[in-house]
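Spelled out, the chains give:
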Amino acid sequence: MTELKTYTLETPGAEIAYDVRQAEQAGDEPILMMIGSPMDASGFVSLAARFPDRTVVTYDPRGTGRSEKTDPTSESNPDLHADDLHRVIDALGGGPIDLFASSGGAVNALALVAKHPEQVRTLVAHEPPAVRYLPDSEQALAATAHIHETYRSDGFGLAMAKFLILIQLKGEVPAEFPTLPVDPAAFGLPTEDDGTRNDPLVGQNILPTTHYNHDFETLRTVSTRIVVAIGVESEGELAYRTGVAVAEQLGSTPVDFPSHHGGFLGGEYGQQGDPDGFATKLREVLAG
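Rules behind the numbers
Residues numbered from 1 in each chain as written. Predicted model: local features only at pLDDT ≥ 70, side-chain atom pairs only at ≥ 80, totals over all residues. Heavy atoms only, no water. Phe/Tyr/Trp six-rings, centres within 6.5 Å; stacked < 30°, edge-to-face > 60°. Helix = DSSP H or I, 4+ residues; strand = E, 2+ residues; numbered from the N terminus. Buried < 20%, exposed > 50% of the residue type's maximum accessible area, 1.4 Å probe, protein only. Contact = heavy atoms within 4.5 Å. Pairing = 2+ DSSP bridges. Right-handed = clockwise from strand over helix to strand, strands pointing away. Core = buried A, V, L, I, M, F, W, Y, C linked by side-chain atoms within 4.5 Å.

Visitor: Explain the packing of aromatic side chains to me, and be specific about the residues and the numbers.
Guide: Applying the stated rule across the entire model yields eight aromatic pairs. Their ring planes at 20 degrees and their centres at 5.5 Å tell us that Tyr7 and Tyr18 sit as a pair that is stacked. Placement of the pair is Tyr7 in strand E1 (residues 5–11) and Tyr18 in strand E2 (residues 14–21), with a sequence separation of eleven residues. According to the relative accessible area criterion, Tyr7 is partly exposed, its value standing at 36%. The exposure class assigned to Tyr18 is buried, which follows from its relative accessible area of 6%.

Visitor: Describe the environment of Asp256, listing the residues and the values that go with them.
Guide: Along the chain, the position of Asp256 falls in strand E9 (residues 255–257). Under the relative-accessibility criterion, Asp256 is labelled partly exposed at 43%. Setting aside residues no more than four positions away along its own chain, Asp256 makes contact with Ile230, Val232 and Lys281.

Visitor: Lay out the pairing of strand E8 (residues 225–231) in plain terms, naming residues and giving numbers.
Guide: Judged by how many residues are buried, E8 sits mostly within the fold: six of seven residues are covered. The pairing of strand E7 (residues 120–126) with E8 spans five bridges and is parallel. Paired with Thr122 across the bridge in E8 is Arg225. In this structure, E8 lies alongside E9, joined through three bridges in parallel fashion. Of the residues in E9, the one forming a bridge with Ile230 is Asp256. After leaving E8, the chain enters helix H8 (residues 238–250) and then returns to the sheet as E9, a path that is right-handed.

Visitor: Could you give an account of the nonpolar core, naming the residues involved and the relevant values?
Guide: Counting 39 residues, the largest nonpolar core has Met33, Ile35, Leu99, Leu123, Leu219 and Ile226 as its most contacted members. For this core, the element with the most residues is helix H3 (residues 104–115), which contributes eight residues. Those residues in contact with Leu99, other than ones at most four positions away along the chain, are Met33, Ile35, Ala109, Leu112, Val120, Thr122, Leu123 and Val124. Counting 22 residues, the second-largest nonpolar core is a separate cluster that includes Ala140, Ala161, Leu189 and Leu207.

Laid out in structure tokens, this is it:
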């Protein structure tokens, strides 16, 4: 692979940074873009390295990493992220591309495909946290709202501890979730409030992402091939269940991928998945 090249793009309210790893001997396959949210490009180093035969593009969503927002405290919703992605793809030549999107990135990718299906050949949406489509959506939406309000009132440590408890729960979210005892120190998180309120996860993205109203009527008819991916080790967890729910809305069957919600990670953020197995499965799915 040639050296990674970084570019920036001005979009309404943000400057978006994206990286291009140009394959030296790329075949006829389109660009493969890998995205998360709020995970930035640094989370896809291991997975990108396993596609030396494809030109791979990664990016930092607005408000994370190198992509700065005009107003750092403002919310970042899926429609804004989708417009940023649309503009990046235009800058890459307009597509169609193949798109691997994980977590909040999968929510944003579904929003993109609903508006610009001509830009994406295949979308692999990995565990999109589309909480409003769960059977226990009322409790789950209330839990995410509680986490956001906890951040506003008490700061990052307590809010993030509650978030970690939520995503690790197996099965339905209990109505008493907001009253569950939480010790941030048990997760290695700060117990004191540092006063900041611009965290990209519990501050900017958690509510717009989990509460987003997807246009499934359109998504069921678009030209883009949409595959929903779920991790075999995350069965029963919130993002696994929302992945299943999204597939049901699309009238499809979710595809099992190796490992867990971060299954493509190879040590990024101190987390280890199965990037070899994950890349093999992704190749298989993209081949169709």
